[in-house]
Amino acid sequence: VMSRPALDVLIVEDEMLLAIELEHLIEEAGCRPRGCAMSSEEAVALAEALKPDLALVDVHLNDGPTGVDVARRIADDCSGVALFMTANVKRLPEDFAGACGVIGKPYSEHGVKTALVYLAVCLTEGRAPGPVPVGLTLSPAYAQRWGATEVLGRSA
(Lines give C-alpha, C1' and ligand atoms only; values in the text may rest on other atoms or scores of the structure.)
Protein backbone atom coordinates (compact mmCIF):
# COMPACT_ATOMS: atom_id res chain seq x y z
CA VAL A 1 0.00 0.00 0.00
CA MET A 2 1.38 3.36 -1.00
CA SER A 3 1.51 5.62 2.00
CA ARG A 4 0.55 9.15 1.22
CA PRO A 5 0.03 12.21 3.35
CA ALA A 6 -3.37 12.33 5.02
CA LEU A 7 -4.80 15.82 5.31
CA ASP A 8 -7.38 16.88 7.87
CA VAL A 9 -10.12 18.42 5.74
CA LEU A 10 -12.94 20.70 6.83
CA ILE A 11 -16.06 20.83 4.63
CA VAL A 12 -17.84 24.17 4.27
CA GLU A 13 -20.98 23.36 2.31
CA ASP A 14 -24.62 24.12 3.12
CA GLU A 15 -26.14 21.35 1.04
CA MET A 16 -26.19 18.29 3.27
CA LEU A 17 -26.14 15.73 0.45
CA LEU A 18 -23.14 17.38 -1.18
CA ALA A 19 -21.37 17.55 2.17
CA ILE A 20 -21.95 13.83 2.77
CA GLU A 21 -20.70 13.02 -0.72
CA LEU A 22 -17.59 15.14 -0.13
CA GLU A 23 -16.92 13.26 3.12
CA HIS A 24 -16.79 10.01 1.16
CA LEU A 25 -14.52 11.50 -1.50
CA ILE A 26 -12.17 12.89 1.16
CA GLU A 27 -11.91 9.44 2.77
CA GLU A 28 -11.41 7.76 -0.62
CA ALA A 29 -8.57 10.20 -1.33
CA GLY A 30 -6.89 9.00 1.85
CA CYS A 31 -7.64 12.16 3.82
CA ARG A 32 -9.62 12.70 7.04
CA PRO A 33 -12.91 14.62 7.05
CA ARG A 34 -12.93 16.74 10.21
CA GLY A 35 -16.39 18.21 10.29
CA CYS A 36 -18.83 20.16 8.22
CA ALA A 37 -19.94 23.77 8.50
CA MET A 38 -23.04 25.19 6.85
CA SER A 39 -22.60 28.89 7.58
CA SER A 40 -19.69 31.32 7.64
CA GLU A 41 -19.69 31.70 11.43
CA GLU A 42 -19.70 27.95 11.93
CA ALA A 43 -16.95 27.55 9.34
CA VAL A 44 -14.62 30.03 11.03
CA ALA A 45 -15.36 28.61 14.49
CA LEU A 46 -14.61 25.06 13.30
CA ALA A 47 -11.48 26.16 11.46
CA GLU A 48 -10.20 27.85 14.62
CA ALA A 49 -11.03 24.81 16.76
CA LEU A 50 -9.85 22.04 14.42
CA LYS A 51 -7.00 23.76 12.56
CA PRO A 52 -7.62 21.69 9.41
CA ASP A 53 -4.91 21.37 6.75
CA LEU A 54 -7.43 22.15 4.05
CA ALA A 55 -10.96 23.54 3.97
CA LEU A 56 -13.24 22.85 1.01
CA VAL A 57 -15.30 26.03 0.79
CA ASP A 58 -18.47 26.59 -1.20
CA VAL A 59 -18.90 30.28 -2.02
CA HIS A 60 -22.66 30.30 -1.41
CA LEU A 61 -23.58 29.31 2.14
CA ASN A 62 -26.72 29.50 4.27
CA ASP A 63 -26.00 33.13 5.10
CA GLY A 64 -25.25 34.25 1.54
CA PRO A 65 -22.19 34.36 -0.72
CA THR A 66 -19.90 34.46 2.30
CA GLY A 67 -17.47 31.70 1.30
CA VAL A 68 -14.94 34.25 0.08
CA ASP A 69 -14.84 35.87 3.55
CA VAL A 70 -14.55 32.41 5.13
CA ALA A 71 -11.56 31.52 2.96
CA ARG A 72 -9.86 34.82 3.77
CA ARG A 73 -10.39 34.35 7.52
CA ILE A 74 -9.18 30.75 7.39
CA ALA A 75 -6.01 31.96 5.65
CA ASP A 76 -5.48 35.02 7.86
CA ASP A 77 -6.67 33.87 11.29
CA CYS A 78 -6.38 30.08 11.27
CA SER A 79 -3.24 29.68 9.13
CA GLY A 80 -5.23 27.19 7.11
CA VAL A 81 -5.64 26.71 3.39
CA ALA A 82 -8.99 26.95 1.67
CA LEU A 83 -9.98 25.44 -1.65
CA PHE A 84 -13.06 26.92 -3.29
CA MET A 85 -15.72 24.71 -4.82
CA THR A 86 -18.01 26.87 -6.89
CA ALA A 87 -19.85 27.14 -10.18
CA ASN A 88 -18.88 30.83 -10.30
CA VAL A 89 -15.13 30.60 -10.77
CA LYS A 90 -15.09 34.00 -12.51
CA ARG A 91 -16.57 35.67 -9.45
CA LEU A 92 -13.60 34.90 -7.23
CA PRO A 93 -11.29 37.80 -6.36
CA GLU A 94 -7.97 37.89 -8.22
CA ASP A 95 -6.01 36.88 -5.14
CA PHE A 96 -8.44 33.98 -4.54
CA ALA A 97 -9.00 35.46 -1.04
CA GLY A 98 -5.90 33.62 0.10
CA ALA A 99 -7.26 30.24 -1.02
CA CYS A 100 -4.97 27.82 -2.84
CA GLY A 101 -7.33 27.35 -5.75
CA VAL A 102 -10.75 26.29 -6.96
CA ILE A 103 -12.58 23.25 -8.23
CA GLY A 104 -15.37 24.29 -10.56
CA LYS A 105 -18.86 22.90 -10.10
CA PRO A 106 -20.24 20.64 -11.36
CA TYR A 107 -17.26 18.53 -10.38
CA SER A 108 -16.67 14.83 -10.91
CA GLU A 109 -15.88 12.45 -8.06
CA HIS A 110 -12.66 11.57 -9.84
CA GLY A 111 -11.79 15.26 -10.18
CA VAL A 112 -12.23 15.93 -6.47
CA LYS A 113 -10.24 12.87 -5.41
CA THR A 114 -7.43 13.66 -7.85
CA ALA A 115 -7.30 17.26 -6.63
CA LEU A 116 -7.18 16.17 -2.97
CA VAL A 117 -4.37 13.70 -3.57
CA TYR A 118 -2.46 16.35 -5.53
CA LEU A 119 -2.99 19.03 -2.85
CA ALA A 120 -1.96 16.61 -0.11
CA VAL A 121 1.47 16.37 -1.73
CA CYS A 122 1.65 20.12 -2.37
CA LEU A 123 0.77 20.97 1.24
CA THR A 124 3.05 18.41 2.89
CA GLU A 125 6.06 18.68 0.58
CA GLY A 126 5.70 22.32 -0.41
CA ARG A 127 5.98 21.54 -4.09
CA ALA A 128 3.74 20.30 -6.88
CA PRO A 129 4.09 16.61 -7.82
CA GLY A 130 3.45 17.39 -11.48
CA PRO A 131 1.03 19.29 -13.70
CA VAL A 132 -2.17 20.53 -12.10
CA PRO A 133 -4.92 17.91 -12.54
CA VAL A 134 -7.83 18.76 -14.82
CA GLY A 135 -10.69 20.38 -12.92
CA LEU A 136 -8.42 22.07 -10.40
CA THR A 137 -7.23 25.65 -10.86
CA LEU A 138 -4.52 26.87 -8.50
CA SER A 139 -4.37 30.48 -7.40
CA PRO A 140 -1.42 32.36 -8.95
CA ALA A 141 0.26 32.71 -5.55
CA TYR A 142 0.09 29.00 -4.72
CA ALA A 143 0.98 27.90 -8.25
CA GLN A 144 4.13 29.99 -7.90
CA ARG A 145 4.83 28.79 -4.34
CA TRP A 146 4.55 25.13 -5.35
CA GLY A 147 6.19 25.51 -8.75
CA ALA A 148 3.10 24.08 -10.41
CA THR A 149 2.84 23.98 -14.16
CA GLU A 150 -0.49 24.40 -15.86
CA VAL A 151 -2.01 21.51 -17.72
CA LEU A 152 -1.09 21.64 -21.39
CA GLY A 153 -3.63 23.41 -23.53
CA ARG A 154 -5.05 25.47 -20.70
CA SER A 155 -4.34 29.16 -20.52
CA ALA A 156 -2.66 30.33 -17.34
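So, here's what we can say about the structure. (Residues numbered from 1 in each chain as written. Predicted model: local features only at pLDDT ≥ 70, side-chain atom pairs only at ≥ 80, totals over all residues. Heavy atoms only, no water.)

## Notes on the environment of C122
- Relative to the helices and strands, C122 resides in helix 4 (residues 109-125).
- Through-space distance from the C-alpha of C122 to that of A148 is 9.1 Å; in sequence the pair is 26 residues apart.
- Excluding its chain neighbours within four sequence positions, the residues that come into contact with C122 are R127, A128, P129 and W146. (Helix = DSSP H or I, 4+ residues; strand = E, 2+ residues; numbered from the N terminus. Contact = heavy atoms within 4.5 Å.)

## Brief notes about the sheet that holds strand 1 (residues 8-12)
- Sheet architecture is open: six strands sit in the order 2-1-3-4-5-6, paired in mixed fashion. Two strands lie at the open edges of the sheet, namely strand 2 (32-37) and strand 6 (136-138), each paired on one side alone. On average, each strand axis in the sheet is tilted by 25 degrees relative to the strand beside it, whichever way the strands run.
- By the bridge criterion, five bridges tie strand 3 (residues 54-58) to strand 4 (residues 81-86) in an arrangement that is parallel. (Pairing = 2+ DSSP bridges. Axes fitted to C-alpha atoms, helices over the stretch in contact; angles between N-to-C directions.)

## Quick word on unusual backbone geometry
- The step from K105 to P106 runs through a cis peptide bond, and the omega angle for that step is 0 degrees.
- Within the element layout of this structure, P106 appears in the loop between strand 5 (101-104) and helix 4.
- One non-glycine residue, K51, lies in the positive phi region at around 45 degrees.
- Note on placement: K51 falls in the loop between helix 2 (40-50) and strand 3.
- Residue classification places K51 among the partly exposed residues on the basis of a relative accessible area of 46%. (Buried < 20%, exposed > 50% of the residue type's maximum accessible area, 1.4 Å probe, protein only.)

## As for helix 3 (residues 67-77)
- Taken together, the buried positions of helix 3 are G67, V68, V70, A71 and I74. When helix 3 is viewed along its axis, its buried side chains cluster within an angular range of 160 degrees and face the same direction.
- Among the structural elements, helix 2, strand 3 and strand 4 are those in contact with the buried residues of helix 3.
- Just downstream of helix 3, S79 is the residue with a positive phi angle, here 45 degrees. (Arc of directions from axis to C-beta.)

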